[in-house]
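Structural description and commentary
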Amino acid sequence: MNNIIIVGGGVAGMIAAITAAKSGKSVTILEKNSELGKKILITGNGRCNFTNEYMSSKCYESSISANEVVIANDNRLNVMDGNDRGNVLRDNTTRLFTDTVLNHYTNRDFLASLDDMGMSYYTREGYYYPRTDEARTFRDTLVSEIRRLGVEVVYDFNLRSIEKVQEGYILSDKTTKYSARSIVIASGGNAAPKTGSGGDCYYYLKKLGHNIMKPFPVLTNLKSNYSDKLQGINALAIISLLIDGKKVASEKGFIKFYKGMLSGIPIYQLSMIAVPAIDAGKKVEISVDFVTDTGIVRSLDIKGTSIKEALCKSVNPKIVDVILKDNNIDSDILTDNIHTTDREHIIELFSNVNYEIIGVAGFDNAQATLGGVDIREINPDTMESNICK
């Protein structure tokens, strides 16, 4: 009988295996794919941003915290932005759970582990990447350590059952049974199913007594109807999420108009609240403020130029054309001929451009899953189940 069986050979599974093997445990990884760390290869557009300089509970959402925003009373709604996203609405359960986990194993601990494995890396704007700029380097470093430590890996394993017995657990596929005193479930959620993570373990964990919160695709694109003229445009903006007309979260960064969807890192972040809100039947909108500095104000004060010329010094010309046309404003009017109130009206139009969200890109395009095992059933000090003891 093994000391430990780990279901799933992604980053979490391999780090768990390496840690256990270094402590002298007998470890076996049961991997669904024919190789370890398949999903790693597509992260960060193939570059693999494996950790960040800034790590805080404010950066994380759970089903509990996301639902808290969706059902919040009007007097609890507030604007959140940047690294402070979630500071107002973060529920204590999610915050305390995440703080406890991050305090036990910090990003510095992770970097030290990579140092011990001999992998070189660099940081850019607070994001860490392999020095080769290739995700494969990170994946192969972990795989090399797995081999060096003699961890057994069973490939092409399709889990069919998990049975709790007196001595521990028995895990089976169609033909083979594996037993262990302890098991680690590191099989991932539903995101990117082509890499092997289809949320298979939720069924078995539910049978063992865990509450499974509805899985949603997050860190994903949001569908919206907007002018075809905006297709392919990237624009720096302040991007806010509205639920039933109330602003609940805000991010600054580049928004991308791509194939009938809104994309970009700010959209991914906001999707963690937007997706469950859509599922709950709420009206969800993305409000975009293209006036990120005083450039538009200054350019509209310059005499002898058209409104369009003035606006295009700060905003993409296609965006300018669409907004002016939608509001029946003649783009050729000279700035000399607009009154202060008209100027303020134009600035307001470019500060509050709303796009109604009509859908969500599915799990195929998602980078993460919101939901799964209820964190209230997990001990954050050890990551052990409070249900299966």
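This text follows the structure it describes.
Residues numbered from 1 in each chain as written. Predicted model: local features only at pLDDT ≥ 70, side-chain atom pairs only at ≥ 80, totals over all residues. Heavy atoms only, no water.

**As for the packing of helix α4 (residues 107–117) against helix α5 (residues 135–148)**
Put simply, the rule is: Only the stretch in contact is used when a helix axis is fitted, and all axes are lines through C-alpha atoms; the angle between N-to-C directions ranges over 0 to 180 degrees. Only runs of H or I of at least four residues qualify as helices and only runs of E of at least two qualify as strands under DSSP, and these elements are numbered from the N terminus. Every angle not falling under 35 degrees, over 145, or within 65 to 115 is termed oblique; those three ranges are roughly parallel, roughly antiparallel and roughly perpendicular. A clockwise turn of the near helix away from the far one marks a right-handed crossing, whereas an anticlockwise turn of less than a right angle marks a left-handed crossing. The contact criterion used is simple: two residues touch if any of their non-hydrogen atoms lie within 4.5 Å. Three residue categories are used. Nonpolar comprises Ala, Val, Leu, Ile, Met, Phe, Trp, Tyr, Cys and Pro, charged comprises Asp, Glu, Lys and Arg, and polar comprises the others, including Gly.
Contact pair α4 / α5: the axes reach a minimum separation of 10 Å and the direction vectors enclose 70°. Compared by their axis directions, α4 and α5 come out roughly perpendicular. Note on packing geometry: the crossing formed by α4 with α5 is left-handed. On α5, the residues that touch Phe110, Leu114 and Met117 of α4 are Phe138, Thr141, Leu142 and Glu145. The residue inventory of the contact of α4 with α5, partitioned by class, reads five nonpolar, one polar and one charged.

**Some remarks on α5**
Operational definition: Here the expected span of a helix is defined as 1.5 Å times the quantity of residues minus one. Relative accessible area decides the class of each residue, using a 1.4 Å probe on protein chains only: under 20% of the type maximum gives buried, over 50% gives exposed, and in between gives partly exposed.
Given a rise of 1.5 Å per residue, 14 residues ought to cover 20 Å, and the 20 Å separating the end C-alpha atoms of α5 matches this to within 8%. Residues of α5 that are buried: Ala135, Phe138, Arg139, Thr141, Leu142, Val143, Glu145 and Ile146. Where α5 is buried, its residues contact α1 (11–22), β2 (27–30), α4, β5 (127–130) and β6 (152–154). Phi turns positive one or two residues past the end of α5, at Gly150, with a value near 75°.

**A word on the sheet that holds strand β11 (residues 222–224)**
Our working definition: The pairing criterion is simple: DSSP has to find at least two bridges between the two strands.
An order of β11-β14-β13-β12-β15-β16 is seen for the six strands of this closed barrel, with the pairing classed as antiparallel. Direction aside, the axes of adjacent strands within the sheet are offset by 50° on average. Alignment of strand β12 (residues 234–243) against strand β15 (residues 284–289), held across six bridges, turns out to be antiparallel. Bridging across to β15, Ser240 finds its partner in Ser287. The sheet strands contacting helix α11 (residues 340–351) are β15 and β16 (353–360), and the helix crosses β15 at an angle near 130°.

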